[in-house]
Amino acid sequence: MSGVSRRGFIAGTGSLLGAAVLAGRAPAARAAVITSGERVPALVIGTGYGGAVAALRLAEAGVAVHMVEMGMAWDTPGPDGKIFCSTLAPDQRSYWLRTRTKAPLNYFLGFPIDRDIPRYTGILDAEEFSGITVYQGRGVGGGSLVNGGMAVTPKRENFATVLPSVNADEMYATYYPRANAGLGVGLIDPAWFDTTACYQYSRVGRKHAQRSGFPFVFVPDVYDWDYMKREAAGTATKSALAGEILYGNNHGKKSLQQTYLARARATGRVTISALHKVTSVTPASGGGYTVVIDQLNTSGATTATKTVTADRVFFAAGSVGTSKLLVKLKATGALPNLNNEIGKGWGDNGNVMCGRANHLWDPTGKLQSTIPCSGIDNWSAGGAFAEVAPLPTGIETFASFYLSITKNPNRAAFTWNSATSSVDLNWQTAWKQPSIDMAKTIFDKINAKEGTIYRTDLFGIYKIWGDHLTYHPLGGAVLNKATDNYGRLTAYPGLYVIDGALIPGNTSVNPFVTITALAERNIDTIIATDL
Ligand code: FAE
């Protein structure tokens, strides 16, 4: 990271100055801030899974890469000595430019739990469209900063519906294993699972699933399971066992900062500008692309606008970020020849949440690991895969809580709204009904068997279903439709899509392993044939 000026670093991160890293964590990716007038061989928009894979593999192939990330660097502790705040005490670090939290599970015992916070470029964006709130990570590491780390490879038999134009043999022989290795995926020790207090909620989930005849599966994760054992034993600082998840984990979780981005940085060819947001990409007169970038401060205001030239641009701003950019660039004439599939095929991975009220003799435990490790698989029979999710409130709730991924067939489209100069998404809340029906194939049966009922106090007053949100936006620049079969935007040589926007709305399980594996596959071909 030569050429990182102290002034530039501060401007780039917008972070409080302090110790560089927390004890026991690898240094996060540091920024050398991009300057106006620069020419870069490869510019990657966004630092999530797709972007991190592209940056690492391009750098390994000898290409200098600049990554541009609208969120913060998240490499510097705040005044409390921690980089990230806990879900139990959200502060300004929690939300992207909001003055009030917008917790996915926004009620408890019928009372709203959101609270006022200072407006800041926090880590979790609850982006509101008509009919759906889309949660996304903001910062160097993208969604890997905020997610549960559940690292699931779809069942082979479902792959043809996930990515119909992709050779499954290649994916399962080469790219899924490569992605799993690169992400540091591991499985909980089943013997420890059976005894530790922090997974009592999952064991209750297992018991109820099995008594109703549903297959119960352990789900791999990128959390360091040995570290969690030490948390439970009291020999390591608690993170998963201290309510840390939605707003970042200070220890234990292997986010992209610890995996792909650390390796990319170690090549010496990758630099990252945090708090920089790409607003335009258009062909440059002398070849390559002119990229316009706003530098932001921690209030979200633009402090500088920079123009750079890139030989190649990789759109890795996430399903929503990439779709919004491409739809705008096509509609406003910056990239008019993008095809008419741009913005289409967007889905919510069928996400729907619910809770069940257990009997008083069936407690789920007041200590709950924030990292889910198990699921109920009813995909082939009922179209639902339900993750047994934690409710880490610190008190006994007698609740079982689930995030279901369902085979919801509805797809939405992003369109340019010239009146508001912004991008709309035409999803409707009623489109979640198939997801609710599919989730009910599991939970109606369990409730009948156990003599239990749904919780009605977690998403409002007398509201059972969390049908207002998704954690898993997918699509908007679908592979082999908006792009060629490797993510190339063929009307514009040198422009690529390499993130969740490529996936047509559903992965049958949690999506980031598939996003990573697809990016590995596409960049292999792009490096071999285009560079
Ligand atoms: P993503 O990781 O979203 O990265 C895109 C990056 O681009 C972000 O850092 C943005 O800030 C940045 N960006 C956007 N627009 C711009 C712009 N104009 N200029 C510069 N930068 C920009 O994209 N998935 C799982 O598989 N397992 C889980 O357990 C899981 N749990 C989740 C829990 C939560 C609360 C959330 C929100 C998501 C969860 N996900 C989970 C979903 C997963 O994180 C998501 O699918 C991936 O992060 C998407 O990867 P992409 O590379 O597409």
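Residues numbered from 1 in each chain as written. Predicted model: local features only at pLDDT ≥ 70, side-chain atom pairs only at ≥ 80, totals over all residues. Heavy atoms only, no water.

Looking only at helices and strands, one finds twelve helices and 20 strands in the chain. Taking 24 Å as the expected radius of gyration for a compact globule of 531 residues, we find that the chain reaches 22 Å, a close match to that expectation. Based on the C-alpha atoms only, the size of the chain along its principal axes is roughly 70 × 50 × 45 Å. The buried share of the chain, taken over its 531 residues, is 60%. Accessible surface for the chain amounts to roughly 18600 Å². Of this, 54% is attributable to carbon and sulfur atoms. Charged side chains in the chain number 49 positive and 40 negative. The centres of these two groups are separated by 2 Å. (Helix = DSSP H or I, 4+ residues; strand = E, 2+ residues; numbered from the N terminus. Rg over C-alpha atoms; globule rule 2.2 N^0.38 Å. Buried < 20%, exposed > 50% of the residue type's maximum accessible area, 1.4 Å probe, protein only. Areas by Shrake-Rupley, 256 points an atom, 1.4 Å probe, with all protein chains shown as cover. Lys, Arg positive; Asp, Glu negative; His and termini not counted. Charge placed at Lys NZ, Arg CZ, Asp CG, Glu CD.)

Take the packing of helix H4 (residues 168-183) against helix H12 (residues 512-530) next. The N-to-C vectors of H4 and H12 enclose an angle of 115°; their axes lie 8 Å apart at closest approach. Comparing the axis directions of H4 and H12 gives the class roughly perpendicular. Classified by chirality, the crossing of H12 by H4 is right-handed. Mapping the contact onto sequence places Glu170, Met171, Tyr175, Tyr176, Arg178, Ala179, Asn180 and Leu183 in H4 and Phe512, Val513, Thr514, Thr516, Ala517, Leu518, Glu520, Arg521 and Asp524 in H12. Across the contact of H4 with H12, the residue classes break down as nine nonpolar, three polar and five charged. (Axes fitted to C-alpha atoms, helices over the stretch in contact; angles between N-to-C directions. Parallel < 35°, antiparallel > 145°, perpendicular 65-115°, else oblique. Left-handed = near helix turned anticlockwise from the far one by under 90°. Contact = heavy atoms within 4.5 Å. Nonpolar A, V, L, I, M, F, W, Y, C, P; charged D, E, K, R; others polar.)

Another point: the confidence of the model for the chain. Chain-level statistics for the chain give a pLDDT mean of 94 and a share of 94% at 70 or above. Low pLDDT, under 50, characterises residues 1-31; the stretch is placed with 73 contacts to residues that sit more than four places away or in other chains. (pLDDT = per-residue confidence, 0-100.)

Before going further, it helps to spend a moment on the side chain of Thr397. Within the secondary structure, Thr397 is located in the loop between strand S14 (384-389) and strand S15 (399-406). Contact partners of Thr397, with chain neighbours within four places excluded, come to Phe108, Thr364, Leu391 and Arg455.

Of the two faces of strand S2 (residues 65-68), the one holding Val65 and Met67 and the one holding His66 and Val68 are both buried throughout. Note that strand S1 (residues 39-45) and S2 share four bridges and pair parallel. Considered in S2, the bridge of Ala42 is made with Val65. Each parallel crossover has a hand, and the one from S1 via helix H2 (residues 49-60) to S2 is right-handed. With four bridges joining them, S2 and strand S8 (residues 270-273) adopt parallel strand pairing. Looking at S8, one finds that Met67 is bridged to Ile272. (Pairing = 2+ DSSP bridges. Right-handed = clockwise from strand over helix to strand, strands pointing away.)

Attention now moves to the sheet that holds strand S19 (residues 469-470). Strand order in the open sheet formed by three strands is S5-S6-S19, and the pairing between neighbours is mixed. Each end of this open sheet is capped by a strand with a single partner; those strands are strand S5 (124-129) and S19. In this sheet, S19 lies alongside strand S6 (residues 132-137) in parallel orientation, the contact comprising two bridges. Residue pairing in the sheet places Val134 in a bridge with Thr470 of S19. Helix H9 (residues 318-331) rests against S5 and S6 of the sheet, and its axis sits at about 55° to S5.

This part covers the packing of aromatic side chains. One pass over the structure, following the stated rule, counts 21 aromatic pairs. Centroid distance Tyr95 to Tyr247: 5.3 Å. Interplanar angle 65°. Geometry classified as edge-to-face. A residue pair is termed long-range when its members are at least 10 positions apart, and Tyr95 in the loop between S2 and strand S3 (107-108) and Tyr247 in the loop between helix H7 (225-233) and helix H8 (260-266) qualify at 152 residues. Comparing Tyr95 with Tyr247 shows no difference in burial state: the two are buried. Here the aromatic rings of Trp346 and Phe414 are separated by 6.2 Å at their centres, their planes lie at 80°, and the arrangement is edge-to-face. (Phe/Tyr/Trp six-rings, centres within 6.5 Å; stacked < 30°, edge-to-face > 60°.)

Looking now at the site of the ligand. In the region of the ligand, 37 residues are neighbours, and Glu69, Gly143, Met150, Gly500 and Phe512 sit closest. One of the side-chain N or O atoms of Glu69 is found 2.6 Å from an oxygen atom in the ligand. Gly139 is positioned such that a nitrogen or oxygen atom in its backbone is 3.2 Å from an oxygen atom of the ligand. Its free accessible area being 1000 Å², the ligand has 95% of it covered by the protein chains. (Near = heavy atom within 4 Å. Polar contact = N/O pair within 3.5 Å; in protein donor to acceptor, adjacent residues only side chain to side chain.)

Time to look at unusual backbone geometry. The backbone of Asn480 shows a phi angle near 70°, a positive value even though the residue is not glycine. Turning to its location among the elements, Asn480 is positioned in the loop between S19 and strand S20 (495-497). With a phi close to 70°, Ser508 is a non-glycine residue in the positive phi region. Inspection of the secondary structure assignment puts Ser508 in the loop between S20 and H12.

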